[in-house]
Amino acid sequence: MAATVPTNVAFVSWIKYHGRSEGIARRVGAFEWTQSGGEGNALARYLNLFPRTLRFLRESRPNAVIVMQPPIVALFAAALGTAGRRTRIAGDLHTAVFDNPKWTWATALTLRILRRPGNLAIVTNDELADQIKRSGGEAIVLHDLIEVYKDRSSEQLDDADLDRQLSNHSFVLVPLTYAYDEPLNELFEAARLTPEVKWAYTGKAPKEVREQAPDNIHFSGFVSKQDYMRLLSRALAVVAPTTSESTMQRAGYEALSASKPLMTTATRVLIDYFGDAAIAAPVTGVGFAQGIRTLLANQGDFTSRMTNLREAKLSDQETALQRLRSWCSSIDLTISERAH
């Protein structure tokens, strides 16, 4: 007999792993259904995932479904897979829904689905919540989950070569996805202006990016979740840049959870969230260079500021989570792992 998981809500993410999805699902008691769709281009993956999502939802019959967004195709699958039942749908709307040219064509349609009675939009800041409400929908502001990370700086990395290269703990960590909103040219210029600083970039950097980088930038490539947490503990500081006014940076939340000094960019939502606990630098090479030097010269002070901010954000977070739990609450049902 197949093992079962008692729940009344499913969290659907068309990705192998995403920290935000995992954290929210865990804290609201959702069954997390994550699938990457295999190799190949986006169309091939979506054609693979769409029928699998339909089958999962029709077999499991959850009372509520949270869907990571984008892609909107996953939201279509959730709507079709729950058709004919009184299933509520929430979209966990990443800021790409609103400002990534790849997905802005679908913004209005996404909001139309989520403003149906009983449905919900989950967003990361008040500006986006206001946009949802103006469209006639309901919204909850829920940032990526803040937790209290333990110090793992003494642990050896699983990647032995990377462990040797970054063993002295004298680097700033720059987690990147090489996306449209990351100011790579300005970051490179900042590295050239700070030859005394080692900048450690995570993520799979394109060849042309690596070729343009100054010598004090180290590219780690993809690292395991465990090694990433160890690098975060070892780092002198974290750099989480974006050119998008409405984007909250995952790396910023992780720095807060680890009480690490943080440099981000001077956007409205980031200044509003971090205040004077982090340095909000202008998106210029000089601005980033000055910011990181100030951060490293005042590590103790900025560590204390981040620790104090973390305590305040943990309280706000529990209020938002309780609202989401209330939306999710209903009678229990059983989701069979055969659908996974």
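Residues numbered from 1 in each chain as written. Predicted model: local features only at pLDDT ≥ 70, side-chain atom pairs only at ≥ 80, totals over all residues. Heavy atoms only, no water.

### Some points on the nonpolar core
Of all hydrophobic cores here, the largest spans 33 residues; its most connected members are Trp 14, Leu 93, Phe 98 and Ile 132. For Trp 14, the residues in contact, after removing those within four places along its chain, are Trp 33, Gln 35, Tyr 46, Leu 49, Phe 50, Thr 53, Pro 71, Val 73, Ala 74 and Ala 77. The next biggest cluster of nonpolar side chains, apart from the first, holds 30 residues, and it includes Leu 166, Leu 173, Phe 274 and Ala 277. (Core = buried A, V, L, I, M, F, W, Y, C linked by side-chain atoms within 4.5 Å. Buried < 20%, exposed > 50% of the residue type's maximum accessible area, 1.4 Å probe, protein only. Contact = heavy atoms within 4.5 Å.)

### A closer look at the pairing of strand β9 (residues 198–202)
Of all five residues in β9, four are buried; the element is thus mostly enclosed. Pairing geometry for strand β8 (residues 171–175) and β9, over five bridges, is parallel. By the bridge assignment, Phe 171 is partnered in β9 with Lys 198. For the crossover from β8 across helix α8 (residues 184–193) to β9, the handedness is right-handed. Strand direction decides the pairing type here: β9 and strand β10 (residues 217–221), joined by four bridges, are parallel. Residue Trp 199 lies in a different strand from β10, and its bridge partner there is Ile 217. (Helix = DSSP H or I, 4+ residues; strand = E, 2+ residues; numbered from the N terminus. Pairing = 2+ DSSP bridges. Right-handed = clockwise from strand over helix to strand, strands pointing away.)

### What about the pattern of salt bridges?
Considering all chains together, one arrives at 20 salt bridges under this definition. Asp 158 serves as the salt-bridge partner of Arg 230, at 3.3 Å between the closest nitrogen and oxygen. Within this pair, whereas Arg 230 is found in helix α10 (residues 225–234), its partner Asp 158 is found in the loop between β7 (139–141) and α7 (160–165), the two being separated by 72 residues in sequence. Among the residues examined, Asp 158 registers a relative accessible area of 56% and is labelled exposed. Residues joined in a network through salt bridges with shared partners are Arg 20, Asp 92, Asp 144, Arg 250 and Glu 254. (Salt bridge = Lys/Arg side-chain N within 4 Å of Asp/Glu carboxyl O.)

### A closer look at helix α2 (residues 42–60)
Each α-helix winds once per 3.6 residues, and so residues spaced three or four apart point in a common direction. The terminal C-alpha atoms of α2 lie 26 Å apart, and with 19 residues this matches the ideal 27 Å at 1.5 Å per residue to within 8%. Among the residues of α2, Tyr 46, Leu 49, Thr 53, Leu 54, Phe 56, Leu 57 and Ser 60 are the ones counted as buried. A distance of 3.3 Å separates the backbone nitrogen of Leu 43 from a side-chain oxygen at the start of α2, and that oxygen is part of Asn 41. After α2 finishes, the residue Arg 61 shows a positive phi value of roughly 50°. (Expected span 1.5 Å × (residues − 1). Polar contact = N/O pair within 3.5 Å; in protein donor to acceptor, adjacent residues only side chain to side chain.)

### What about empty space enclosed by the protein?
Taken as a whole and assessed by the stated rule, the structure comprises one cavity of 30 Å³ or more. Quantified by volume, the largest cavity comes out at close to 40 Å³. Taken together, Gln 69, Pro 70, Pro 71, Ile 72, Val 97, Trp 103, Ala 106 and Thr 110 make up the full set of residues lining the largest cavity. For the lining of the largest cavity, the class distribution of residues is six nonpolar, two polar and no charged. (1 Å grid on protein atoms, 1.4 Å probe; cavity = no way out; pocket = protein on both sides within 12 Å on 5 of 7 lines; lining within 4 Å. Points joined across faces, edges and corners; volume = space filled by probe spheres on them. Nonpolar A, V, L, I, M, F, W, Y, C, P; charged D, E, K, R; others polar.)

### Brief notes about the layout of surface pockets
Taken as a whole, the second largest pocket encloses approximately 410 Å³ of empty space. Lining the second largest pocket are 20 residues; nearest its centre among them are Thr 124, Asp 126, Val 141, His 143 and Tyr 273. The set of elements that each furnish at least two residues to the lining of the second largest pocket consists of α6 (126–134), β7, α12 (268–274) and α14 (299–328).

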